[in-house]
Amino acid sequence: MSENIEQPSRGPQLSEQVAQRLSDAIQAGEWGRGARLPTEAALGERYGISRSVVREAISMLRNGGLVTSRRGSGSFVAESPTISLRLPIPDPDLQSVVEVLELRRPLEVEAARLAAERCTPSQLRRIRNAMVDIDEAVEAGLSGVDQDLAFHRAIAEAANNTHFTAVLDFYNRFLHHAIRVTRTNESMRETFMQQVVAEHQAILDAIAAGNADAAARAATIHLEHAEMRLRQAPPDLLKSVLERAEAPVEPSSTSSTQQGERPS
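All figures in this text were calculated on a predicted structure; none of them were measured in a lab. (Residues numbered from 1 in each chain as written. Predicted model: local features only at pLDDT ≥ 70, side-chain atom pairs only at ≥ 80, totals over all residues. Heavy atoms only, no water.)

**Q** What should I look at first to understand the overall build of the chain in this one?
**A** Looking only at helices and strands, the chain features twelve helices and two strands. Along its sequence from the N terminus, the chain presents helices and strands in the succession α-α-α-β-β-α-α-α-α-α-α-α-α-α. For the chain, the exposed area adds up to about 14400 Å²; of that, 49% sits on carbon and sulfur atoms. (Helix = DSSP H or I, 4+ residues; strand = E, 2+ residues; numbered from the N terminus. Areas by Shrake-Rupley, 256 points an atom, 1.4 Å probe, with all protein chains shown as cover.)

This is the structure in structure tokens:
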């Protein structure tokens, strides 16, 4: 047990602070899977707080899947604990979009590499279909943001490692804005759109050929070029993105139009 524990600051979110301290201690290995946590009294003494605050903090961890409770026995670290990842919401500026691209690069490059090695025939068909969906969305005058996300998620699924899709789904809310910005920028120049199509095709071809190195290289080039294109963006790009996002969507009989985002 650690000594000289810094007491959490007093305030309305005291229980949340304690829950985070306990979560950090569990992740650091102070209590392993299935281990019994100290009593409420012991934890209250450790952090210099009341037992009611400890009880509320443990309840938060229990709701989050990190801790289980057994009547008459106390609280225990879950055998298969769920760890919550917290990230600040990025600022709505181009630098934040570039930072999201930097985050995507190592994850999606490795996902492409593994997809080339492990992709099943049905997963390959999903990647092909996702690429066709992007083309159809663009031809229909839509942004293709959701279809672009689906293409990259299909590749992550083909890596056959659930952690890739779990992380991708976690930062999907950040990716949606980032891809909307990059696709809006790329749609302003025909050469940019042609580059994106060719880059997606190169990733697909490498995965289909089972060439892991080529797939990783193609994914790297795609994300690096996306950053390069973004750095050439006009100063009013973010304004254009906002205008497109707020533009009303005209009624349509096609499901693809209903699901996509129509630019202004």
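**Q** Help me understand helix α9 (residues 190-209) in this model?
**A** Residue pairs spaced three or four apart in an α-helix point in one direction, given the helix's 3.6 residues per turn. For α9, which comprises 20 residues, the first-to-last C-alpha distance of 29 Å matches the rise-based estimate of 28 Å (1.5 Å per residue) to within 8%. The first or second residue beyond α9 is G210, which carries a positive phi of 70 degrees. (Expected span 1.5 Å × (residues − 1).)

**Q** I tried to follow the pairing of strand β1 (residues 67-70) on my own but got confused; where do I start?
**A** Every regular strand shows the same layout, with side chains that alternate between the two sheet faces. Note: β1 against strand β2 (residues 74-77), four bridges, orientation antiparallel. Note on β2: the bridge partner recorded for R70 is G74. Here β1 folds back onto β2, and the loop between the two strands holds three residues, one of which, G72, carries a positive phi near 85 degrees. (Pairing = 2+ DSSP bridges.)

**Q** How should the pattern of salt bridges be read in this particular structure?
**A** Note that side chains of opposite charge can pair when their charged atoms are close. Under the defined criterion, the tally for this structure stands at twelve salt bridges. Linking E157 and R126 is a salt bridge whose minimum nitrogen-to-oxygen distance equals 3.8 Å. Note that E157 is positioned in helix α6 (residues 145-158) and R126 in helix α5 (residues 121-139), a separation of 31 residues in sequence. You can call R126 partly exposed: its relative accessible area is 41%. Salt bridges here are not isolated pairs; linked through shared partners, they connect E40, R51 and R55. (Salt bridge = Lys/Arg side-chain N within 4 Å of Asp/Glu carboxyl O. Buried < 20%, exposed > 50% of the residue type's maximum accessible area, 1.4 Å probe, protein only.)

**Q** Explain the packing of aromatic side chains here, please?
**A** Pairs of aromatic rings are described using the distance from one ring centre to the other and the angle between the two planes. Summed over the entire model, instances satisfying the criterion amount to zero aromatic pairs. Lying over the aromatic face of F76, R70 brings its terminal NZ or CZ to 3.7 Å of the ring centre. (Phe/Tyr/Trp six-rings, centres within 6.5 Å; stacked < 30°, edge-to-face > 60°. Lys NZ or Arg CZ within 6 Å of the ring centre and 35° of its normal.)

**Q** Help me understand the environment of G65 in this model?
**A** Summarising the element assignment, G65 is placed in the loop between α3 (51-63) and β1. Classification of G65 as partly exposed rests on a relative accessible area of 26%. For the pair G65 and V77, spaced twelve residues apart in sequence, the C-alpha to C-alpha distance is 9.1 Å.

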